[in-house]
Amino acid sequence: MTGRTFVRSVSLALFFALSFVLFPPGSPAASPAHPPAEGVFRFPLFYVPAGLDPVRDSSESTAHVAQQVFDGLVAFDPKLRVVPGLAESWTVSKDGREYLFSLRKGVRFHDGSTFDARDVAASLTRIFRPENSAQSTRFLDNIVGAEEFRKGEKDHVAGIRVISDYRIAITLKRPYAPFLAALAMPLTKIVPSELAGDADDSLSRHPVGTGPFRFVSWEKSTITLKANDGYFLGKPSLREVRFIFYPGGDRNRAFADFLKGGLEGCPLTAAADPSRLRKQGYQVLIRPRLALQFYGMNIHTPPFDNRLLRAALAHAFDRRYYVATVLGSKHYPAFQIIPPGMPGYTPDNALLDYDPVKAAALLAEAGYPGGAGLPELTIATASRSNVAVKELALFARDLARLGIRVRPLFVKSWEEFSRGLEKKRYPLFRYAWYADIPDPDNFLSPLFESGGKANFTGFSDPEVDRLLDGARSETDPTRRSEMYRKAERIILEKAPVIPVLNIATSVAFQGYVSGIDLPAIGTPYLPLRQVRVSPGS
């Protein structure tokens, strides 16, 4: 969700995640619930994907399925550390450019074929095939020969080399510290080499992997997976997983079905009360996600070319009040860019906290005492949700106290909004960023590096560029974190954005579900292999 999911999918993830209508307690479900069954886990998906091949479809719905059906060379543990997957171990050369992976033996795909290094080579190579239109390849473009293969200049990726049946080497053009984390993305899942080049895209309708669950069917409203009894890490506790579609992001209907026993887990709606649900016997998990919602300002467009004005606006908005009153404290107010839980985060960089006295002083210093001489500001947004409307009303209220007038501009569609951002049409806009990988480079570089893919504020600073470029190659985690902290501090001091909130994942589970672990990168990464469903318990 990138900075989802990925610039477009990540931002869409927040747009839809905050675009629900308040759910009135006691409202009837729009579809009948079904009684729970032993060992069956049902979970909602809010958008119907184009297919289930994560190379061709980067949607969150596809990621939910891909995480259960496929494995990668590596994976994330609950604390977002990189751990072995289909690779049981690896070594990195002293110059940080070559990764040598030793693969597990005796692993089989769901179709019965044996896994080996050729499958890895074919799976990673297909990411760069132009016909696959894979998103978020920027994490992998550093592989030697990837660009030449994509352009058709070479018939193979030179930096991906099969050493033996169970050893494979990957060579980078330059050291890239987040590379291992990138290999845990849905995009890099391993498929049988015989299917990797299928022109008819059979993997989109019938995915075949080595994962803990095998694909069984995709009916109109349900995707069904069954346990892979021969899974190399052990047989799953569940016998079946059913992903049920609620098209159009109908979270209200999904939550109503959950309350009637039709789902084992479901994201909370805005009006759901976690305390009340817990008293009723439900399990409610609220976990900070590696995501940030913010207001961006084009620093080259007056009046936002004035740093003091930008800082005044950032200090003027009472995010704590907004999160508590509108969001029921299901998310966390943000005052910086790198979210809690991500390497490089430090509370010492919370430089844009709510401070109306400081905001008024900065506004006067900027040349607009009491808002005098400042034209009405317009903030562009792609969401007309109740939450977005209330949020922007509070933002306008807080700015009005300083004498600043602001009104929302509701853009008709996401496509129009996205085009407007790319063309720098919006001097002030509402946006969000979800991490693809748990690495600060995935936050700071796309948003704030000169020429960054999602740098819609036009921010540019030579020292920030130097720090970000150096951090990507730095292999010492302590030095890397410090470089990102310095870069973040410079960015916050220049205030091209107003951090609003760190988005959290809030999910309720039935009381008879156990073994749940909700990771910071969201529900697509739920480790369902360890989950148990025992309705009679």
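Everything below is about the structure printed above this text.
From a predicted model like this one, the values you see are computed outputs, not experimental measurements. (Residues numbered from 1 in each chain as written. Predicted model: local features only at pLDDT ≥ 70, side-chain atom pairs only at ≥ 80, totals over all residues. Heavy atoms only, no water.)

## Let's talk about the pairing of strand 4 (residues 87-92)
Sheet analysis places strand 4 next to strand 5 (residues 98-103), joined by 5 bridges and oriented antiparallel. Among the inter-strand pairings, Ser89 is bridged to a residue of strand 5, identified as Ser102. Hairpin remark: strand 4 followed by strand 5, antiparallel, with 5 residues in the connecting loop; positive phi at Gly96, about 75 degrees. (Pairing = 2+ DSSP bridges. Helix = DSSP H or I, 4+ residues; strand = E, 2+ residues; numbered from the N terminus.)

## Topic: the sheet that holds strand 7 (residues 167-171)
Here 4 strands make up an open sheet; going across it, the order is 4-5-7-6 and the pairing antiparallel. The open sheet has two free edges, formed respectively by strand 4 and strand 6 (160-164), since each of these has just one partner strand. With direction set aside, neighbouring strand axes in the sheet form an average angle of 25 degrees. Running at roughly 175 degrees to strand 6, helix 3 (residues 117-126) makes contact with strand 5, strand 6 and strand 7 of the sheet. (Axes fitted to C-alpha atoms, helices over the stretch in contact; angles between N-to-C directions. Contact = heavy atoms within 4.5 Å.)

## Quick word on the pattern of salt bridges
Considering all chains together, one arrives at 27 salt bridges under this definition. A salt bridge links Arg118 to Asp165; its shortest N-O distance comes to 3.3 Å. In this pair, Arg118 sits in helix 3 while Asp165 sits in the loop between strand 6 and strand 7, placing the two residues 47 residues apart along the sequence. The partly exposed category is assigned to Arg118, whose relative accessible area is 43%. Salt-bridge contacts for Asp439 lead to Arg480; the nearest nitrogen and oxygen are separated by 3.0 Å. Taken together, the residues span a long stretch of sequence, with Asp439 in the loop between strand 16 (428-434) and helix 15 (441-448) and Arg480 in helix 17 (residues 477-494) at a distance of 41 residues. Each of the two residues, Asp439 as well as Arg480, counts as buried. Bridged by salt links that share partners, the residues Arg174, Asp441, Glu449, Asp469 and Arg472 form one connected network. (Salt bridge = Lys/Arg side-chain N within 4 Å of Asp/Glu carboxyl O. Buried < 20%, exposed > 50% of the residue type's maximum accessible area, 1.4 Å probe, protein only.)

## Some details on the environment of Tyr166
You can see Tyr166 is positioned in the loop between strand 6 and strand 7. Through-space distance from the C-alpha of Tyr166 to that of Phe101 is 8.2 Å; in sequence the pair is 65 residues apart. In contact with Tyr166, other than residues within four places in its own chain, are Phe101, Ser102, Leu103, Arg104, Lys105, Thr114, Phe115, Asp116 and Ala117.

## Remarks on the environment of Gln293
As for its position among the elements, Gln293 is in strand 12 (residues 283-297). Among the polar contacts listed, one links the side chain of Gln293 to the side chain of Glu391, at a separation of 2.9 Å. (Polar contact = N/O pair within 3.5 Å; in protein donor to acceptor, adjacent residues only side chain to side chain.)

## Regarding the packing of helix 16 (residues 462-473) against helix 17
Remark: helix 16 packs on helix 17, axes separated minimally by 9 Å, with the N-to-C direction vectors making an angle of 160 degrees. The angle between helix 16 and helix 17 places the two elements in the roughly antiparallel class. For the crossing formed where helix 16 meets helix 17, the hand is left-handed. Residues Glu463, Val464, Leu467, Leu468, Gly470, Ala471 and Arg472 of helix 16 touch helix 17, and the partners they reach there are Arg480, Met483, Tyr484, Lys486, Ala487, Ile490 and Ile491. When its residues are assigned to classes, the contact of helix 16 with helix 17 shows 9 nonpolar, 1 polar and 4 charged. (Parallel < 35°, antiparallel > 145°, perpendicular 65-115°, else oblique. Left-handed = near helix turned anticlockwise from the far one by under 90°. Nonpolar A, V, L, I, M, F, W, Y, C, P; charged D, E, K, R; others polar.)

## With respect to the sheet that holds strand 9 (residues 222-227)
Taken together, the 4 strands give an open sheet; going across it, the order is 1-10-9-8, and neighbouring strands pair in mixed fashion. Whereas interior strands pair on both sides, the edge strands pair on one side only; in this sheet they are strand 1 (40-45) and strand 8 (213-218). Geometrically, the sheet is characterised by an average inter-axis angle of 20 degrees between neighbouring strands, direction not taken into account. The pairing of strand 8 with strand 9 spans 5 bridges and is classified as antiparallel. Bridge pairing in strand 9 places Ser217 opposite Thr224.

## Quick look at helix 8 (residues 251-259)
Helix 8 sits mainly inside the fold: 7 of its 9 residues count as buried. For helix 8, the full list of buried residues reads Arg251, Asn252, Ala254, Phe255, Ala256, Asp257 and Phe258. Within two residues after helix 8, Gly261 carries a phi angle of roughly 90 degrees, on the positive side.

## Focus on the packing of aromatic side chains
According to the stated counting rule, one finds 21 aromatic pairs in the structure shown. Taken together, a centroid distance of 5.7 Å and an interplanar angle of 25 degrees make the contact between Phe255 and Phe258 stacked. Taken as a pair, Phe255 and Phe258 lie in helix 8 at a separation of 3 residues, close to a single helical turn. With relative accessibility at 0%, the residue Phe258 sits in the buried group. Over the aromatic face of Trp218 sits the side chain of Arg205, whose NZ or CZ is 4.2 Å from the ring centroid. The side chain of Arg251 reaches across the aromatic face of Phe46, ending 4.5 Å from its centre. (Phe/Tyr/Trp six-rings, centres within 6.5 Å; stacked < 30°, edge-to-face > 60°. Lys NZ or Arg CZ within 6 Å of the ring centre and 35° of its normal.)

## Some remarks on unusual backbone geometry
Cis geometry is found at the peptide bond from Pro302 to Pro303, where omega equals 0 degrees. For Pro303, the location among the structural elements is in the loop between strand 12 and helix 10 (307-316). Of note in the backbone geometry, Leu80 takes a positive phi value of approximately 65 degrees without being a glycine. Among the structural elements, Leu80 can be located in the loop between strand 2 (74-76) and strand 3 (82-84).

## A few points about the pairing of strand 12
Counting buried positions over the 15 residues of strand 12 gives 12, a clear majority of the element. Judged from the 11 bridges that link them, strand 12 and strand 17 (residues 497-509) form a sheet pairing that is antiparallel. Residue Gln293 lies in a different strand from strand 17, and its bridge partner there is Leu501. Relative to strand 16, strand 12 is paired through 7 bridges, and the arrangement is antiparallel. Across the sheet, residue Phe294 finds its bridge partner in strand 16, namely Tyr431.

## Brief notes about the nonpolar core
Membership of the largest hydrophobic core comes to 155 residues, with the highest contact counts inside it found for Phe41, Phe101, Leu140, Ile143, Tyr322 and Phe417. Contact partners of Ile143, with chain neighbours within four places excluded, come to Phe128, Val157, Gly159, Ile160, Ile170, Thr171, Leu172, Lys173 and Phe179. Phe255, Phe258, Leu268 and Tyr282 belong to the second-largest nonpolar core, a separate cluster that totals 16 residues. (Core = buried A, V, L, I, M, F, W, Y, C linked by side-chain atoms within 4.5 Å.)

## Details of the packing of helix 15 against helix 17
Where helix 15 contacts helix 17, the axes come no closer than 11 Å and their chain directions differ by 40 degrees. The way helix 15 lies across helix 17 gives a crossing that is left-handed. Contact with helix 15, carried on its side by Asp441, Leu444 and Phe448, involves Arg480, Tyr484, Ala487, Glu488 and Ile491 of helix 17 and no other residues of that element. Residues of the contact of helix 15 with helix 17, tallied by class, amount to 5 nonpolar, no polar and 3 charged.

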